[in-house]
Amino acid sequence: MPTNAELVAKAERAQLPNYRPPPFVLSQGRGCRVEDVEGNAYLDFSGGIAVLSVGHAHPVLTAAIAEQAGRLMHTSNLFYSQTSIELAAEITARTPFDRVYFANSGAEAVEALLKLARRWHFEHGRPERTDLVAMHKSFHGRTMGALSLTGQPKYHEGMAPLVPGVTHVPFNDLGALEAAVTDRTAMVLMEPLQGEGGLVIGETAYLEGARRICDERGALLFFDEVQTGYGRTGRFLGAEHSGVVPDGCSLAKGMGGGFPIGAIAVTERLADGLPPGSHASTFGGNPLACAAGLAVLRILDDEGLVENAARMGQRLGEGLEAMVQDAAMPAAVEARGLGLLRGVRLADSVDAREVYGRLRDEQRTLASIAGGTVLRLAPPLNVTADEIDEALAKLGALLKDVEA
Ligand SMILES: *Cc1c(COP(=O)(O)O)cnc(C)c1O
């Protein structure tokens, strides 16, 4: 096998430098552990950015993918395929939604929500309803529609002109939402818990208020559950924590356990929002991706992983809270998140990227950064109590050595 250095040198010549990965190359994993081409092992609490719902190389998922690959990998949307029909039915059975459209990523799912919102109003004689309302510090993806909805100016830099018609308002500020939603608003989009923005929870009163405002003014309310869906927060959907039922949601990250797939799910009222020919994706509903999606659901059920995410998430959250209270760890200032989408906000005086790098290099534990200052932990939903405790011990050992 080539060395880390050889492969990194090759990457630096052949790949565009739009990412800044550390100088090693991952080659295999199992559960919560992953190792590089030289055999250096890491505890993986980055979870592939909340994607690895059932961990690395889960045998049931691996077998389902291999079996489907040997049978029927692609049909295009010119034809039905069995796994996409079954996956759509499974998603409607687990959510308040009735209709599903499949995409290949989170951004594509968000694009589909945007297009459905405008087209649904258009179909119902309201072509003027094209405006879109989204949140400050939100993250919805990098394609132009999803990027335009993303409320983080740093991602817009050099990419203008964006899709017109988007207004951003502060999250959890009902007055601002009242002022922004008009009789020209097609949809309001928000994450029930902002992921990339720093693990900020949508307050129940806010989400309820958003539902009321949208109902009163005839706008659609959509939740972007790309990061929070599929059990990540200890419920199947992040929306369940508040009990607020939006008109639809996007899903992606955890759906395929690492296999690329996204979806939107909407209520029956919106079933005529995308009439034949109005939207499409060549790979959307791909039989192989949907087989992965079905296998993940089967594993979540058979292993009780949504409940495990709630239980292990509480353990992780309590451990992070203890660090915040610990005078020996002044860099830890606030524990955030739900289920297994958790994090600790670091003091403003601390360089979060440096802490993240030291956790990786000194403690051999992978995490990610959200909102610039939050060290985010999103381990597989089948993480064990021992693995949670190990990650907490490693993070604690590091934070004792970080000045604030
Ligand atoms: C990651 C993410 C996206 C974008 O998903 P991609 O698959 O990277 O396109 C959209 N919305 C939310 C909430 C996300 O966390």
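Note that the structure is a prediction, hence the values are computed from the model and not measured. (Residues numbered from 1 in each chain as written. Predicted model: local features only at pLDDT ≥ 70, side-chain atom pairs only at ≥ 80, totals over all residues. Heavy atoms only, no water.)

A. Quick look at the site of the ligand. As a matter of local geometry, the ligand sits amid Ser105, Gly106, Ala107, Phe139, His140, Gly141, Glu191, Asp224, Val226, Gln227 and Lys253. At 2.8 Å from an oxygen atom of the ligand is found a main-chain nitrogen or oxygen belonging to Gly106. Phe139 is positioned with one of its backbone polar atoms (N or O) 3.3 Å from a nitrogen atom of the ligand. Against a free-state accessible area of 380 Å², the protein chains account for coverage of 81% of the ligand. (Near = heavy atom within 4 Å. Polar contact = N/O pair within 3.5 Å; in protein donor to acceptor, adjacent residues only side chain to side chain. Areas by Shrake-Rupley, 256 points an atom, 1.4 Å probe, with all protein chains shown as cover.)

B. The arrangement of the nonpolar core in detail. Counting 80 residues, the largest nonpolar core has Leu87, Leu177, Met190, Tyr230, Leu300 and Leu399 as the members making the most contacts within it. In terms of residue count, helix α10 (residues 287–302) provides more of this core than any other element does, nine residues in total. What Met190 contacts, discounting residues up to four positions off in sequence, is Met135, Phe171, Tyr206, Leu207, Ala210, Leu221, Phe222, Phe223 and Asp224. Ala112, Ala146, Phe222 and Ile264 belong to the second-largest nonpolar core, a separate cluster that totals 23 residues. (Core = buried A, V, L, I, M, F, W, Y, C linked by side-chain atoms within 4.5 Å. Buried < 20%, exposed > 50% of the residue type's maximum accessible area, 1.4 Å probe, protein only. Helix = DSSP H or I, 4+ residues; strand = E, 2+ residues; numbered from the N terminus. Contact = heavy atoms within 4.5 Å.)

C. Spotlight on the packing of helix α11 (residues 305–325) against helix α13 (residues 385–399). One way to put it is that α11 packs onto α13 with a least axis distance of 10 Å and a crossing angle of 15°. Of the possible angle classes, the one that applies to α11 and α13 is roughly parallel. Our pair here, α11 against α13, has a crossing hand that is right-handed. Two secondary-structure elements touch here, α11 through Met312, Arg315, Leu316, Gly319, Leu320 and Met323 and α13 through Ala385, Ile388, Asp389, Leu392, Leu395, Gly396 and Leu399. Its residues assigned to classes, the contact of α11 with α13 shows nine nonpolar, two polar and two charged. (Axes fitted to C-alpha atoms, helices over the stretch in contact; angles between N-to-C directions. Parallel < 35°, antiparallel > 145°, perpendicular 65-115°, else oblique. Left-handed = near helix turned anticlockwise from the far one by under 90°. Nonpolar A, V, L, I, M, F, W, Y, C, P; charged D, E, K, R; others polar.)

D. Quick peek at a positive patch on the surface. A cluster of basic side chains, namely Arg20, Arg142, Lys154 and Arg353, defines a positive patch on the protein surface. When you line up the elements, Arg142 lands in the loop between β5 (131–135) and α6 (144–149). Taking the relative accessible area as the measure of exposure, Arg142 reaches 53% and is therefore exposed. (Patch = residues over 30% accessible without salt bridge, like charges linked within 9 Å, V, L, I, M, F, W, Y side chains within 5 Å. Salt bridge = Lys/Arg side-chain N within 4 Å of Asp/Glu carboxyl O. Lys, Arg positive; Asp, Glu negative; His and termini not counted. Charge placed at Lys NZ, Arg CZ, Asp CG, Glu CD.)

E. Seen up close, the side chain of Gln227. With respect to the helices, strands and loops of the structure, Gln227 is situated in the loop between β10 (220–224) and β11 (248–251). Residue Gln227 is classed as buried on the basis of its relative accessible area, which comes to 6%. Polar contacts involving the side chain of Gln227 include one to the side chain of Glu196, which spans 3.0 Å. At 2.7 Å, the side chain of Gln227 forms a polar contact with the side chain of Arg376. Among all residues touching Gln227, those that are not within four sequence positions of it are Ala50, Gly195, Glu196, Arg232, Lys253, Leu341 and Arg376.

F. Here's a closer look at helix α9 (residues 204–217). Over its 14 residues, α9 runs 20 Å from end to end, which matches the ideal 20 Å to within 8%, given 1.5 Å per residue. Tyr206, Leu207, Gly209, Ala210, Arg211, Ile213 and Cys214 are the residues of α9 that are buried. At its buried positions, α9 is contacted by β5, α8 (174–180), β7 (185–190) and β10. Taken from the residues just after α9, Gly218 is the one with a positive phi, measuring 75°. (Expected span 1.5 Å × (residues − 1).)

G. Representation of the sheet that holds strand β1 (residues 26–30). The four strands are arranged β1-β2-β3-β15 in an open sheet whose pairing can be described as mixed. At either margin of the open sheet sits one strand with a lone partner, and together these are β1 and β15 (365–366). Pairing of strand β2 (residues 33–36) with strand β3 (residues 41–44), which is carried by three bridges, proceeds in the antiparallel orientation. Each bridged residue has a counterpart across the sheet, and for Val34 the counterpart in β3 is Tyr42. (Pairing = 2+ DSSP bridges.)

H. Representation of the layout of surface pockets within the structure. Here the second largest pocket defines a volume of roughly 890 Å³. Lining the second largest pocket we find 31 residues, and of these Tyr80, Val100, Tyr101, Phe102 and Leu274 sit closest to its centre. Among the elements that make up the lining of the second largest pocket, the one with the highest residue count is strand β4 (residues 99–103) (four residues). Partitioning the lining of the second largest pocket into residue classes produces 17 nonpolar, 12 polar and two charged. (1 Å grid on protein atoms, 1.4 Å probe; cavity = no way out; pocket = protein on both sides within 12 Å on 5 of 7 lines; lining within 4 Å. Points joined across faces, edges and corners; volume = space filled by probe spheres on them.)

I. Local environment of the packing of aromatic side chains. Under the definition given, this model contains four aromatic pairs. An angle of 15° between the planes, with centres 4.7 Å apart, marks the rings of Phe24 and Tyr42 as stacked. One end of the pair, Phe24, is in the loop between α1 (4–14) and β1; the other, Tyr42, is in strand β3, and 18 residues separate them in sequence. Assessed through its relative accessible area of 15%, Phe24 is described here as buried. With a relative accessible area of 5%, Tyr42 lands in the buried category. A centroid spacing of 5.5 Å and a plane angle of 75° characterise the contact between Phe139 and Tyr155, whose relative ring orientation is edge-to-face. (Phe/Tyr/Trp six-rings, centres within 6.5 Å; stacked < 30°, edge-to-face > 60°.)

These figures come from the coordinates and say nothing about function on their own.
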